[in-house]
2 protein chains.
Amino acid sequence: MTLDHVSFADRFDGISGSAIREIFKMIAKPDMISFAGGNPSPSALPDALVDQFAHDVLSANGKQILQYGATEGYPPFLESLKAYAEEKTGARNLSILPVTGSTQAMDLLCKALINPGDVILVEDPTFLGNMQCMHLYQAQLVPVPSDENGLLLDALEDAMKTYHPKMLYIIPNFQNPTGKTLALERRKPVAMLAAQYGVVVAEDDPYRDLRYTGVPLPSIKSFDEEGWVVFLGSFSKVISPGMRVGFLAGDSSIIRKCTLGKQSTDLHTANLTQAIVDKFLREHILDQHIPEICKGYGAQLNAMLSDLVTFPEGTVYTRPEGGLFIWIELPEGIDTKELLPLAVERHVAYVPGTHFYARGGHHNTLRLNFSNSSIPQIHQGMDILREVFRNAIH
Amino acid sequence: MTLDHVSFADRFDGISGSAIREIFKMIAKPDMISFAGGNPSPSALPDALVDQFAHDVLSANGKQILQYGATEGYPPFLESLKAYAEEKTGARNLSILPVTGSTQAMDLLCKALINPGDVILVEDPTFLGNMQCMHLYQAQLVPVPSDENGLLLDALEDAMKTYHPKMLYIIPNFQNPTGKTLALERRKPVAMLAAQYGVVVAEDDPYRDLRYTGVPLPSIKSFDEEGWVVFLGSFSKVISPGMRVGFLAGDSSIIRKCTLGKQSTDLHTANLTQAIVDKFLREHILDQHIPEICKGYGAQLNAMLSDLVTFPEGTVYTRPEGGLFIWIELPEGIDTKELLPLAVERHVAYVPGTHFYARGGHHNTLRLNFSNSSIPQIHQGMDILREVFRNAIH
């Protein structure tokens, strides 16, 4: 029998792969100005420190690092990570699970909670990588509308009443893709609605430390009295995405289920990368490293915003206080997915906004990343995009 | 609403965690002689080389290693890994996917193929970690009997006819837990039966290189003409389990589905650990490293076998040509699970055999690991076990 006869699992019905991952391949050329992806700036990647710390931990503790580890995490890292997570979330008595990037955090949460057909409430638009994860667990995604201050509480409560969701997925700070931040006064109500209706909140917060203006807001988790909020943390934006280290923090019953799931998902996260991140925490490197990153990224954000002023009339865009992305709505009728090949031909890339909507549509939107391009590249790339979009109007 | 009201996914019904992982925690004491687990000997873990290679790759290529990578793998590693996988399997035109330990290989294969209720044929007994993975995908496990030369072909064909399985899971070399090896003359028939009945074979081969006597046998994959066999490779036993690097090798259609699954499972395996294993392959370190490991492990195996001669009358055990495990059947009536606490009290640990059976039972069996104990520890631990089991008879 030829392999054409193999039948794949139903969970892959309609899954064609992450649009961003496919765009990455299309634009893998050296002279491309990429506003796609969410890559940190090369200058923000601490390669010399990682080199030094890798040597430090391997020479001090190499045999333990190379041996099998516990699914629950590399013991020294668990200690430093607990303190770090409590500081970030402002919550206490957290159970913590180090994971292989916060991508795995989402996978394990879905594994723990989602049966086929279960409803997950998502922002509209939201991070497409995690939507693919939810689709692979055959969840039903129900988008909840936002305004400039994030999720609308009335709409959220209506959706909880109507759909009896298992989970709410939310990125409260500098959301991907919009750059929006959930307002302070909406944070406690989100936690309270979750407890009222028995909905697990996946609070995904990879961008928290990349704040360029304004003041940090308390996490949703900090308002969580019953344990329904699970915090998804990442070191991808403040140390390195290539090391794949993130964490889950929440109530012990949910974390325990995720730990059981992780036993047969990858057994444990590599000890070496956990040990390196542990060194960053113990030596308080992020205290200096993050302000340095933010200085650069803030200037890049402002450069891109200044270019947007001259975009075609009717263009609307967010003015994020942090994070990696600006969200743009062009005048109706412009189809950013159709125009992407024209932009790529001229060596500029972005992600069409339609991919971030659970129900598609919104063809006049796009997401721009500013962290991975220099200021001259930003001006050059934005000049080209402006022209591509102007030409599409006339 | 308190969190007691959370309902976890159905896939966790009946899942209480890997028995081995739980035993690990029970025996985490410094003076324990552990014949449980499958840990490499500390002396087999090349910490100095990993330290040097980490520095080599980070100083040469640190920015790329710290940045996001492709789900498909770190490009230099993909190149060296392809050559390595073709040499190991004796197969050509393989699609390859580096994964976060071969634990993830199994998770991705199940994600790609298994709907709830699908049948997976397994050896009887088989590796319990991967049984947990299959249970989490709600597969129905059907055990197929073996003799001393591995799976019985008639029984295998009967099971394929009767159950229309989606997959056969098999460890052909120095099987976990029995140490048995699938005879040469059964390998081509397994590949042919798979193609005849349209069954994907997951050929899990982590122990291949740990051969102490006899000659290496061709892989099942080498006899695969239609692409139904997927090879699961691991560097855990020949470099380091703590680095979590393994691979899938097979037909492009199956590997592509696994790659899509991996996008939302952990995005990609850490670039740093992939780059370090790449150095091991490029510098042909394993050519010298593996014979050194085998010399030590072969002596440890023989020490343990020599102790078994004096075990209670009626004890039967395998005499593996390689791998990490000996499988023991004690006289009927002895319950190794009941006796484990007595052994642990005397600082010796093993894994009761019942955990490795898809349908339980077989309470008089146990698995012993010899790689993680010195020869004096082996003699000391085996003296204690002999006494514990003798006392249980009288």
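Going by the structure above, here's the rest.
Residues numbered from 1 in each chain as written. Chains lettered and ligands numbered in written order. Predicted model: local features only at pLDDT ≥ 70, side-chain atom pairs only at ≥ 80, totals over all residues. Heavy atoms only, no water.

**Notes on the overall build of chain A**
Logical step 1: Counting its secondary structure elements, chain A contains 12 helices and 15 strands.
Logical step 2: For chain A, the C-alpha radius of gyration of 21 Å lies close to 21 Å, the compact-globule estimate for 394 residues.
Logical step 3: Viewed in the frame of its principal axes, chain A has a C-alpha envelope of about 65 × 60 × 50 Å.
Logical step 4: Across the 394 residues of chain A, 65% fall into the buried class.
Logical step 5: Within chain A, contacts between residues at least 6 apart in sequence are counted, and of these 75% link residues at least 24 apart.
Logical step 6: With the model as given, the accessible surface of chain A reaches about 13,700 Å², and the carbon-plus-sulfur share is 51%.
Logical step 7: Looking at chain A, you have 33 positive and 45 negative side-chain charges, and the mean spots of the two groups are 3 Å apart. (Helix = DSSP H or I, 4+ residues; strand = E, 2+ residues; numbered from the N terminus. Rg over C-alpha atoms; globule rule 2.2 N^0.38 Å. Buried < 20%, exposed > 50% of the residue type's maximum accessible area, 1.4 Å probe, protein only. Contact = heavy atoms within 4.5 Å. Areas by Shrake-Rupley, 256 points an atom, 1.4 Å probe, with all protein chains shown as cover. Lys, Arg positive; Asp, Glu negative; His and termini not counted. Charge placed at Lys NZ, Arg CZ, Asp CG, Glu CD.)

**Points about the sheet that holds strand S15 (residues 365-369) of chain A**
Residue and element names in this part refer to chain A.
Logical step 1: Sheet architecture is open: 4 strands sit in the order S11-S12-S15-S14, paired in antiparallel fashion. Because the sheet does not close on itself, it has two edges, and the strands there are strand S11 (316-317) and strand S14 (351-352).
Logical step 2: Most of the contacts of helix H10 (residues 286-308) go to strand S12 (residues 325-329), to which it runs at about 15 degrees, and overall it touches S11, S12 and S15. (Pairing = 2+ DSSP bridges. Axes fitted to C-alpha atoms, helices over the stretch in contact; angles between N-to-C directions.)

**Quick word on the packing of aromatic side chains**
Logical step 1: With the rule as written, the count across this model stands at 24 aromatic pairs over all chains.
Logical step 2: Geometry around Phe8(B) places Lys257(A) over its ring, the cationic atom sitting 5.1 Å from the centre. (Phe/Tyr/Trp six-rings, centres within 6.5 Å; stacked < 30°, edge-to-face > 60°. Lys NZ or Arg CZ within 6 Å of the ring centre and 35° of its normal.)

**Focus: the relation of the copies chain B and chain A**
Logical step 1: The transform that puts chain B on chain A rotates by 180 degrees and translates by 0.0 Å along the axis, for an RMSD of 0.0 Å. Seen this way, the second copy is the image of the first under a two-fold rotation axis.
Logical step 2: The fraction of interface residues of chain B whose copies in chain A are also interface residues reaches 100%, indicating that both copies meet through the same surface. (Least-squares fit on C-alpha atoms with pLDDT ≥ 70 in both.)

**What to know about the interface of chain B and chain A**
Where interface size is quoted, it is often the accessible area lost as the parts come together.
Logical step 1: Between chain B and chain A, the residue contacts involve 93 residues of the former and 93 residues of the latter.
Logical step 2: Regarding the contact of chain B and chain A, the summed buried area is about 7,500 Å², with carbon and sulfur atoms giving 57% of it.
Logical step 3: Taken together, the connections running from chain B to chain A amount to 4 salt bridges.
Logical step 4: Residue Lys63(A) is joined to Asp47(B) by a salt bridge in which the shortest nitrogen-to-oxygen separation is 3.4 Å.
Logical step 5: Across the chain B-chain A interface, the total number found is 43 residue pairs in polar contact (both at pLDDT 80 or more).
Logical step 6: Breaking the side of chain B that touches chain A down by element, the ones donating at least two residues are helix H1 (19-26), helix H2 (47-66), helix H4 (102-113), helix H5 (128-136), helix H7 (184-197), helix H8 (252-263) and helix H9 (271-282) of chain B.
Logical step 7: When residues in the side of chain B that touches chain A are grouped by element, the largest group, 11 residues, is from H2(B).
Logical step 8: When grouped by side-chain class, the residues that make up the side of chain B that touches chain A number 37 nonpolar, 37 polar and 19 charged. (Buried area = accessible area lost by both parts, 1.4 Å probe. Salt bridge = Lys/Arg side-chain N within 4 Å of Asp/Glu carboxyl O. Polar contact = N/O pair within 3.5 Å; in protein donor to acceptor, adjacent residues only side chain to side chain. Nonpolar A, V, L, I, M, F, W, Y, C, P; charged D, E, K, R; others polar.)

**Thoughts on the layout of surface pockets**
Logical step 1: There is about 960 Å³ of room inside the largest pocket.
Logical step 2: Lining the largest pocket are 36 residues, and of these Gln67(A), Tyr68(A), Ala28(B), Asn39(B) and Asn372(B) sit closest to its centre.
Logical step 3: Put simply, the parts of the chain that give the lining of the largest pocket at least two residues each are helix H2 (47-66) and helix H3 (75-89) of chain A together with H1 and strand S1 (33-34) of chain B.
Logical step 4: In the lining of the largest pocket, the residues fall into 14 nonpolar, 17 polar and 5 charged.
Logical step 5: Taken as a whole, the second largest pocket encloses approximately 810 Å³ of empty space.
Logical step 6: In terms of lining, the second largest pocket is formed by 31 residues, of which the most central are Phe24(A), Ala28(A), Asn39(A), Gln67(B) and Tyr68(B).
Logical step 7: Contributions of two or more residues to the lining of the second largest pocket are made by helix H1 (19-26) and strand S1 (33-34) of chain A together with H2 of chain B.
Logical step 8: Broken down by element, the lining of the second largest pocket gets its largest block of residues, 4 residues, from H1(A).
Logical step 9: By residue class, the composition of the lining of the second largest pocket is 13 nonpolar, 12 polar and 6 charged. (1 Å grid on protein atoms, 1.4 Å probe; cavity = no way out; pocket = protein on both sides within 12 Å on 5 of 7 lines; lining within 4 Å. Points joined across faces, edges and corners; volume = space filled by probe spheres on them.)

**Here we look at the pairing of strand S2 (residues 95-99) of chain B**
Residue and element names in this part refer to chain B.
Logical step 1: The buried fraction of S2 amounts to 4 of the 5 residues, a majority that puts the element mostly inside the structure.
Logical step 2: The sheet contact formed by S2 and strand S10 (residues 246-250) spans 5 bridges and is antiparallel. Across the sheet, Ile96 pairs through a bridge with Ala249, a residue of S10.

**Looking at the state of the cysteines**
All names here are of chain A.
Logical step 1: What the rule picks out here adds up to 0 disulfides over all chains.
Logical step 2: Take Cys110: it sits in no disulfide, and the sulfur closest to it among the cysteines is that of Cys133, at 4.2 Å.
Logical step 3: The class of Cys110 is buried, set by a relative accessible area of 0%.
Logical step 4: Here Cys258 is not disulfide-linked; the sulfur of Cys110 is the nearest cysteine sulfur, at 9.5 Å. (Disulfide = S-S within 2.5 Å.)

**Some remarks on the pattern of salt bridges**
Residues and elements named next belong to chain A.
Logical step 1: Inspection of the entire model under this criterion finds 32 salt bridges over all chains.
Logical step 2: Across the pair Asp266 and Lys262 runs a salt bridge whose closest N-O atoms are separated by 2.8 Å.
Logical step 3: Judged by relative accessible area, Lys262 falls into the buried class, the value being 0%.
Logical step 4: If you follow the salt bridges from partner to partner, you end up with Asp56, Lys279 and Glu283 in one network.

**Quick word on helix H6 (residues 153-163) of chain B**
Residue and element names in this part refer to chain B.
Logical step 1: Among all positions in H6, only Leu156, Ala159 and Met160 are buried. Down the axis of H6, the buried set is contained in an arc of 100 degrees. They therefore lie on one face. What points out from H6, more than 90 degrees from its buried face, is the exposed set Asp154 and Thr162.
Logical step 2: Of the surrounding elements, those touching the buried residues of H6 are strand S3 (119-123), strand S4 (140-144), strand S6 (150-151), strand S7 (167-170) and H7. (Arc of directions from axis to C-beta.)

**Considerations on the nonpolar core**
Grouped burial of nonpolar side chains is what soluble globular proteins tend to show.
Logical step 1: Core analysis: the largest hydrophobic core is formed by 274 residues, its most contacted members being Phe235(A), Leu248(A), Phe235(B) and Leu248(B).
Logical step 2: For Leu248(A), the contacting residues outside a window of four places in its chain are Ser95(A), Ile96(A), Leu97(A), Val99(A), Ala105(A), Leu108(A), Leu109(A), Val230(A), Phe231(A), Leu232(A), Ile255(A) and Cys258(A). (Core = buried A, V, L, I, M, F, W, Y, C linked by side-chain atoms within 4.5 Å.)

**Regarding the environment of Met1(A)**
Logical step 1: Residue position: Met1(A) is located in the segment before H1.
Logical step 2: Owing to a relative accessible area of 40%, Met1(A) belongs among the partly exposed residues under this scheme.
Logical step 3: Between the alpha carbons of Met1(A) and Thr354(A) there is a distance of 40 Å; along the sequence they are 353 residues apart.
Logical step 4: What Met1(A) contacts, discounting residues up to four positions off in sequence, is Ala195(B), Gln196(B), Tyr197(B), Gly198(B), Glu226(B) and Trp228(B).

**A few points about the pairing of strand S9 (residues 229-234) of chain B**
Residues and elements named next belong to chain B.
Logical step 1: Along S9, 6 of the 6 residues are buried, which leaves the element largely enclosed by surrounding structure.
Logical step 2: Of the two faces of S9, the one lined by Val229, Phe231 and Gly233 and the one lined by Val230, Leu232 and Ser234 are each fully buried.
Logical step 3: Sheet analysis places strand S8 (residues 200-204) next to S9, joined by 4 bridges and oriented parallel. Across the sheet, the residue bridging to Asp204 is Leu232, located in S9.
Logical step 4: Bridging between S9 and S10 involves 4 bridges; their strand directions are antiparallel.

**A look at the packing of H4(B) against H8(B)**
Residues and elements named next belong to chain B.
Logical step 1: Interhelical geometry of H4 versus H8 gives an angle of 105 degrees and a closest axis separation of 9 Å. Taken together, the axis directions place H4 and H8 in an arrangement best described as roughly perpendicular. Contacts from Gln104, Leu108, Leu109, Lys111 and Ala112 in H4 reach Ile254, Lys257, Cys258, Gly261 and Lys262 in H8. (Parallel < 35°, antiparallel > 145°, perpendicular 65-115°, else oblique.)

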